[in-house]
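# Notes for the structure review
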Amino acid sequence: MSPFAIEAAPAGDVHAPAGTDRVREFRWVLQKFLSDLPGVFDVAVVSADGLLLARSTSVQSSAPALVAPIASGLAALAGAASELHGSGPVSRTVLEMQHGVLAVVTVSDGSLLAVAAHAGTDRAVLGYEMTRLVRRVGHVLTPELRSTLRDHAAVAD
């Protein structure tokens, strides 16, 4: 059974480099989230130190490298605001814009799940589905998988 506790991703090439199947499966989970949730057009997982680990998008971004620092910066600002006011841990950061929304949720290991959606997207459904995704895949973001995702992201650049 898949460690992601959802249906299995398509099988990979047996001659692929080590970790490729896990990376492919993780990216498939993100793509499935993107395609199953109306209004969502960009999903990214960013490491605790601000590096892009994996991304699925339905649009060509002119600056894909900016997803990670934006998500990381939003999370850092939200954390600072929480500390300033003694409000406890931040559960979700939502940036609402005229034509869209960017929501960032912390994964248990400190990584971030960042999701961009159109302005008309139901925020409650978006938040619920993001929390579900983090609960389903957060435990598999082991140091080994994060390292493999970083390696694969570096090759893709």
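For the structure, check the block above.
Sequence order sets the numbering: in each chain, residues are counted from 1 along the sequence as written. In keeping with the model being predicted, local features are shown solely for residues with a pLDDT of at least 70 and side-chain atom pairs are shown and tallied solely at 80 or more, while totals for entire chains, interfaces and linings include all residues. Only heavy atoms go into the side-chain values, all of them from the structure, while hydrogens and water stay out.

On to helix α3 (residues 123-137). Taking 1.5 Å per residue as the helical rise, α3 with its 15 residues ought to reach 21 Å, and the 21 Å between its terminal C-alpha atoms agrees with that figure. Relative accessibility decides the category of a residue: with a 1.4 Å probe and only protein chains considered, values under 20% of the type maximum give buried, values over 50% give exposed, and everything between is partly exposed. Under the scheme used here, helices are H or I runs from DSSP no shorter than 4 residues and strands are E runs no shorter than 2 residues, and both carry numbers assigned from the N terminus. Every buried residue belonging to α3 is among Leu126, Gly127, Glu129, Met130, Leu133, Val134 and Val137, and all of these are buried. The criterion used for residue contact is that any of the two residues' heavy atoms lie within 4.5 Å. Contacts made by the buried residues of α3 are with α1 (20-36), β1 (40-46), β4 (100-106) and β5 (112-118). One side-chain oxygen at the N-terminal end of α3 lies 2.9 Å from the backbone nitrogen of Ala124; it belongs to Asp122. Take the number of residues in a helix, subtract one, and multiply by 1.5 Å to get its expected span. Pairing of N or O atoms within 3.5 Å defines a polar contact, subject to two protein rules: one partner must be a possible hydrogen donor and the other a possible acceptor, and residues neighboring in sequence count only if both atoms are side-chain atoms.

So, about the pattern of salt bridges. By salt bridge we mean one thing: a side-chain nitrogen of Lys or Arg within 4 Å of a carboxyl oxygen of Asp or Glu. For the coordinates displayed, the defined rule picks out 4 salt bridges. Here Asp42 makes a salt bridge to Arg55, at a shortest N to O gap of 2.6 Å. With Asp42 in strand β1 and Arg55 in strand β2 (residues 52-57), the pair connects residues that are 13 residues apart, well separated along the chain. Here Arg55 falls in the buried class, since its relative accessible area comes to 18%. The partner of Glu96 in a salt bridge is Arg123, and the shortest N-O contact between them spans 3.4 Å.

Cavities and pockets were defined on a 1 Å grid built over protein atoms only: a cavity is a set of grid points that admits a 1.4 Å probe from which the probe cannot escape, a pocket is an open set flanked by protein on both sides within 12 Å along at least five of seven lines, and lining residues are those with an atom within 4 Å of any such point. Grid points are joined across faces, edges and corners, and a volume is the space filled by probe spheres set on the points. Summed over the entire model, instances satisfying the criterion amount to 1 cavity of 30 Å³ or more. The space that makes up the largest cavity amounts to roughly 50 Å³. Forming the walls of the largest cavity are Phe26, Leu30, Val45, Val107, Leu113, Leu133, Val134, Val137 and Leu141. Of all the secondary-structure elements, those providing two or more residues to the lining of the largest cavity are α1 and α3. Ranked by residue count, the leading element in the lining of the largest cavity is α3, at 3 residues. Residue composition of the lining of the largest cavity, grouped by class: 9 nonpolar, no polar and no charged. In this classification, the charged set is Asp, Glu, Lys and Arg, the nonpolar set is Ala, Val, Leu, Ile, Met, Phe, Trp, Tyr, Cys and Pro, and all remaining amino acids, among them Gly, are polar.

Remember, this is a structural readout, not a statement about activity or role.
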